[in-house]
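Coordinate analysis (summary)
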Amino acid sequence: MAGVRLPLATLAALVVPVVAGLAWMTVGGAPTAWIAVNALALVLALALATLLPLPRSQRGVLVLAGALVLGLWATALAGVPVEGVRRWIGLGPLRLHLGYLILPLLVTLAARLPARSGAALIVASLMATMLQPDRAATVALTASAAVLALTRRDGLSITALVIGLGACVAAIAQPDHLAPVRFVEGVQRDALTLNPAAGLALVAASLTPLLLLRRAKVAAAPLAAFLLAAGLMAFAGSYPAILIGYGAAPILGFGLALAALRYQSESQ
């Protein structure tokens, strides 16, 4: 099926939180380079969402999703280390969080595959995020697994959800020694403390991935669950405020996932 044009509400789910974050970083005195990186990432993400061609056949989708999972595992084993944690890849002067770059696309593709393949991809990704380790990504993946289990109601999808819940328990039990960085973690909490009105605006912007549900598509719901869960983890501890805070990977990852939604079958 040919790609379809994305509704404005779907694009707004990406644009609103990023623009809100850019406004707060500008007012709050974030480094100019960080503001420029997020702004450029938004432009590139919109280009990816509207122009990037992706596989349409089930076989092509499976090959792409498998390559994404291999990338997660490679990063967990040989990525850029920070205090023993390997979640990043180097791109010149930038470090990109690979999970937030490719997991939104992966959960969108998993929803387009049969239950066996989709569940296997989710489980393999969960194991990689635990190995990195990455609590927030593990929780976000489990949220996607929950949506798939509720939608499909088959044994394999439910099994993937059970494994995801176990992975969340294991991830939470692991210590996370990374120190929070201003304008990356705790962005909404900082804003609520300094300017309650701005903080409430950022909290509202964090919920805009719910606009994806207006598509009423199978692939959109797991993506919305992933983004919403990852965003809400910022309130649970020192986890990235994705899309709102500094970081190009979640913005680009959202754009890649939206490119996949362009090819979502109207029958789903």
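Only a predicted model underlies this, so the values are computations on that prediction, with no experimental measurement involved.

Side-chain direction in a regular strand flips from residue to residue, so the side chains alternate between the two faces of the sheet. Two elements, strand β2 (residues 85–91) and strand β3 (residues 94–97), share 4 bridges in a ladder whose sense is antiparallel. From the neighbouring strand, Trp88 faces β3, where its bridge partner is His97. Taking the residues that link successive antiparallel strands as the turn, the β2-β3 hairpin has 2 residues, and the phi of Gly92 there is positive, at about 65 degrees.

For the rest of this paragraph, the subject is the nonpolar core. Membership of the largest hydrophobic core comes to 82 residues, with the highest contact counts inside it found for Leu14, Leu212, Phe254 and Leu258. It is helix α11 (residues 248–261) that provides the largest number of residues to this core, a total of 11 residues. Setting aside anything within four residues of it in sequence, one finds Leu212 in contact with Thr10, Ala13, Ala220, Leu223, Ala224, Leu227, Phe254, Leu258 and Leu261.

Moving on, we come to the packing of helix α5 (residues 115–131) against helix α7 (residues 155–173). A pair of packed helices is captured by two measures, namely the crossing angle of their axes and the spacing between those axes. Relative to each other, α5 and α7 sit at 5 degrees, their axes nearing to 9 Å. Accordingly, the angle class assigned to the pair α5 and α7 is roughly parallel. Counted together, Ala115, Arg116, Ala119, Val123, Leu126, Met127 and Met130 of α5 and Leu156, Ser157, Ala160, Ile163, Gly164, Ala167 and Ala170 of α7 form the full contact between these two elements. Of the residues that constitute the contact of α5 with α7, the class distribution is 11 nonpolar, 2 polar and 1 charged.

Let us now look at the layout of surface pockets. Taken as a whole, the largest pocket spans an internal volume of roughly 680 Å³. Looking at the largest pocket, it is lined by 33 residues, and the ones nearest its centre are Trp88, Arg95, Val184, Glu185 and Pro240. Residue assignment for the lining of the largest pocket shows that the elements contributing at least two residues are α2 (32–51), β2, β3, α6 (135–152) and α11. Split by residue class, the lining of the largest pocket holds 23 nonpolar, 4 polar and 6 charged.

With that settled, the discussion passes to helix α3 (residues 58–78). End to end, α3 covers 30 Å across 21 residues, agreeing with the expected 30 Å (1.5 Å per residue, within 8%). Within α3 the residues assigned to the buried category are Gly60, Val61, Ala65, Leu68, Val69, Leu72, Thr75 and Ala76. Packing partners of the buried residues in α3 comprise β2, α4 (98–110) and α5.

Looking now at the sheet that holds β3. Read across the open sheet, the 3 strands follow the order β1-β2-β3; overall the sheet is antiparallel. Because the sheet does not close on itself, it has two edges, and the strands there are β1 (80–82) and β3. Neighbour to neighbour, the strand axes of the sheet diverge by 50 degrees on average, direction disregarded. With 3 bridges joining them, β1 and β2 adopt antiparallel strand pairing. Directly across from Val80, in β2, lies its bridge partner Trp88. Seen against the sheet, α3 touches β1 and β2 and runs at an angle of roughly 105 degrees to β2.

So, about the environment of Leu161. Mapped onto the fold, Leu161 is located in helix α7. Spatially, the C-alpha atoms of Leu161 and Val123 are 8.6 Å apart, while their sequence positions differ by 38 residues. With near-sequence residues (within four places) excluded, Leu161 lies in contact with Thr142, Ala145, Ala146 and Ala149.

With that settled, the discussion passes to unusual backbone geometry. Along the chain, Gln132 connects to Pro133 via a cis peptide bond; the corresponding omega equals -20 degrees. Summarising the element assignment, Pro133 is placed in the loop between α5 and α6. Although it is not a glycine, Phe183 sits at a positive phi angle of roughly 75 degrees. Phe183 gets classed as buried once you look at its relative accessible area, which sits at 7%. For Leu243, which is not a glycine, the phi torsion comes out positive at approximately 70 degrees.

Next up on the list: empty space enclosed by the protein. Under the criterion given, the structure shown has 1 cavity of 30 Å³ or more. When its volume is computed, the largest cavity comes out at roughly 60 Å³. Taken together, Pro17, Gln188, Ala205, Ser206, Pro209, Leu227, Gly231, Ile242, Leu243 and Ile244 form the lining of the largest cavity. Within the residue set of the lining of the largest cavity, elements represented by two or more residues are α9 (196–206) and α10 (220–232). For the lining of the largest cavity, the residue count by class is 7 nonpolar, 3 polar and no charged.

Further remarks concern the confidence of the model for the protein. Summing up the model confidence of the protein, the mean pLDDT is 91 and the portion of residues at 70 or higher is 95%. Highest mean pLDDT in the protein belongs to α2 (97); lowest belongs to β1 (85).

Take the packing of α10 against α11 next. Relative orientation of the contacting elements α10 and α11 amounts to 170 degrees, with a least axis distance of 11 Å. Of the possible angle classes, the one that applies to α10 and α11 is roughly antiparallel. The crossing of α10 and α11 is left-handed. Packed against α10, whose contacting residues are Ala220, Leu223 and Leu227, the element α11 presents Phe254, Ala257 and Leu261 at the interface.

Quick notes on the rules
- Residues numbered from 1 in each chain as written.
- Predicted model: local features only at pLDDT ≥ 70, side-chain atom pairs only at ≥ 80, totals over all residues.
- Heavy atoms only, no water.
- Pairing = 2+ DSSP bridges.
- Helix = DSSP H or I, 4+ residues; strand = E, 2+ residues; numbered from the N terminus.
- Core = buried A, V, L, I, M, F, W, Y, C linked by side-chain atoms within 4.5 Å.
- Buried < 20%, exposed > 50% of the residue type's maximum accessible area, 1.4 Å probe, protein only.
- Contact = heavy atoms within 4.5 Å.
- Axes fitted to C-alpha atoms, helices over the stretch in contact; angles between N-to-C directions.
- Parallel < 35°, antiparallel > 145°, perpendicular 65-115°, else oblique.
- Nonpolar A, V, L, I, M, F, W, Y, C, P; charged D, E, K, R; others polar.
- 1 Å grid on protein atoms, 1.4 Å probe; cavity = no way out; pocket = protein on both sides within 12 Å on 5 of 7 lines; lining within 4 Å.
- Points joined across faces, edges and corners; volume = space filled by probe spheres on them.
- Expected span 1.5 Å × (residues − 1).
- pLDDT = per-residue confidence, 0-100.
- Left-handed = near helix turned anticlockwise from the far one by under 90°.

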